Amino acid sequence: MDAVLVRPEGVAEISADRSIAHGGIFRHPFRLQRLRMDVTAEDVPRFGRGPAAAAG
């Protein structure tokens, strides 16, 4: 897969299921829960940083 870099401008909560079918396809897609107007992109820790990184 090719990576496309973007500049984050908003924050949203999503729900995701880790179930993967035979063939590497997610069985249950991501779902938008809500937009977070009270949080900026700078407030969110980057992947691998902060206390949530260890949660896996």
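See the structure shown above.
Conventions used here
- Residues numbered from 1 in each chain as written.
- Predicted model: local features only at pLDDT ≥ 70, side-chain atom pairs only at ≥ 80, totals over all residues.
- Heavy atoms only, no water.
- Salt bridge = Lys/Arg side-chain N within 4 Å of Asp/Glu carboxyl O.
- Helix = DSSP H or I, 4+ residues; strand = E, 2+ residues; numbered from the N terminus.
- Buried < 20%, exposed > 50% of the residue type's maximum accessible area, 1.4 Å probe, protein only.
- Patch = residues over 30% accessible without salt bridge, like charges linked within 9 Å, V, L, I, M, F, W, Y side chains within 5 Å.
- Areas by Shrake-Rupley, 256 points an atom, 1.4 Å probe, with all protein chains shown as cover.
- Polar contact = N/O pair within 3.5 Å; in protein donor to acceptor, adjacent residues only side chain to side chain.
- Contact = heavy atoms within 4.5 Å.

Student: Whenever I open this one, the pattern of salt bridges confuses me. Can you help?
Tutor: Enumeration over the complete set of coordinates arrives at three salt bridges. Across the pair R34 and E13 runs a salt bridge, and its minimum N-O distance is 2.8 Å. Pair noted here: R34 is in strand β2 (residues 31–35) and E13 is in strand β1 (residues 12–15), with a separation of 21 residues, a long-range link. Two residues, D38 and R36, come together in a salt bridge whose shortest N-O distance is 2.9 Å. On the basis of relative accessibility, which here comes to 58%, the residue D38 falls in the exposed class.

Student: Honestly, the environment of R18 in this entry has me stumped. Any pointers?
Tutor: Within the secondary structure, R18 is located in the loop between β1 and β2. Judged by relative accessible area, which is 68%, R18 ranks as exposed. In this structure the C-alpha to C-alpha distance between R18 and H28, which are ten residues apart in sequence, comes to 7.8 Å.

Student: Would you explain the environment of R7 in this entry?
Tutor: Tracing the backbone through its elements, the reader meets R7 in the segment before β1. Classification of R7 as exposed rests on a relative accessible area of 71%. Placed 34 residues apart in sequence, R7 and A41 show a C-alpha to C-alpha distance of 9.3 Å.

Student: Which parts of the structure should I look at to understand a nonpolar patch on the surface?
Tutor: Residues I14, F30, L32, L35 and M37 make up a contiguous nonpolar surface patch of about 630 Å² in total accessible area. Following the sequence through the fold, L35 ends up in strand β2. Accessibility expressed as a relative area gives 57% for L35, which makes it exposed.

Student: I tried to follow the side chain of R36 on my own but got confused; where do I start?
Tutor: You can see R36 is positioned in the segment after β2. Among the polar contacts listed, one links the side chain of R36 to the side chain of E13, at a separation of 2.8 Å. Not counting chain neighbours up to four residues away, the residues in contact with R36 comprise V11, A12 and E13.

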